[in-house]
Amino acid sequence: ERGVGLTASCGTAGCAVKVAAVRRELLVADKFHTITLHNPPTQQTLMVKWDKTRDQVLLHGPVMHEFEGELSL
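Scoring rules and cut-offs
Residues numbered from 1 in each chain as written. Predicted model: local features only at pLDDT ≥ 70, side-chain atom pairs only at ≥ 80, totals over all residues. Heavy atoms only, no water. Helix = DSSP H or I, 4+ residues; strand = E, 2+ residues; numbered from the N terminus. Buried < 20%, exposed > 50% of the residue type's maximum accessible area, 1.4 Å probe, protein only. Areas by Shrake-Rupley, 256 points an atom, 1.4 Å probe, with all protein chains shown as cover. Pairing = 2+ DSSP bridges. Axes fitted to C-alpha atoms, helices over the stretch in contact; angles between N-to-C directions. Contact = heavy atoms within 4.5 Å.

Re the overall build of the protein chain
When you go through the protein chain residue by residue, the secondary structure sums to one helix and three strands. The order of helices and strands in the protein chain, counted from the N terminus, is α-β-β-β. Within the span of the protein chain, comprising 73 residues, buried residues form 21% of the whole. For the protein chain, the accessible surface area stands at approximately 6,200 Å², while carbon and sulfur atoms represent 55% of it.

This is the structure:
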């Protein structure tokens, strides 16, 4: 994806960046460690919640169909 401009988001990367930013105190989350991510290319909003007691990250947001095709072997 390098060099092609803005692309659709990667939810896994968004979750990882959120946890890293909170751990480094670069980002302040609410008491439930929930933040909102805005993705300009898709105009979508995602909610990321980090349950520190279980060390579990949850991603909530809409799902979009990206591609449909056939592969002939």
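As for the sheet that holds strand β1 (residues 34-39)
Spatial ordering of the open sheet is given by β1-β2-β3, a layout of three strands whose pairing is antiparallel. In this open sheet, the two strands that pair with only one neighbour each are β1 and β3 (56-60). Ignoring which end each strand starts from, the neighbouring axes of this sheet average 25° apart. Pairing geometry for strand β2 (residues 44-51) and β3, over five bridges, is antiparallel. From the neighbouring strand, Met47 faces β3, where its bridge partner is His60. Packed onto the sheet, helix α1 (residues 11-23) meets β1, β2 and β3 and runs at close to 50° relative to β2.

Quick look at unusual backbone geometry
You will see that Glu25, though not glycine, has its phi angle at about 60°, which is positive. The topology assignment puts Glu25 in the loop between α1 and β1. You can call Glu25 exposed: its relative accessible area is 72%. Its identity is not glycine, yet Asp55 carries a phi of approximately 50°, on the positive side.

Side note on the environment of Arg23
Here Arg23 lies in helix α1. Not counting the four nearest positions on each side in its chain, Arg23 is found in contact with Trp50 and Asp55.

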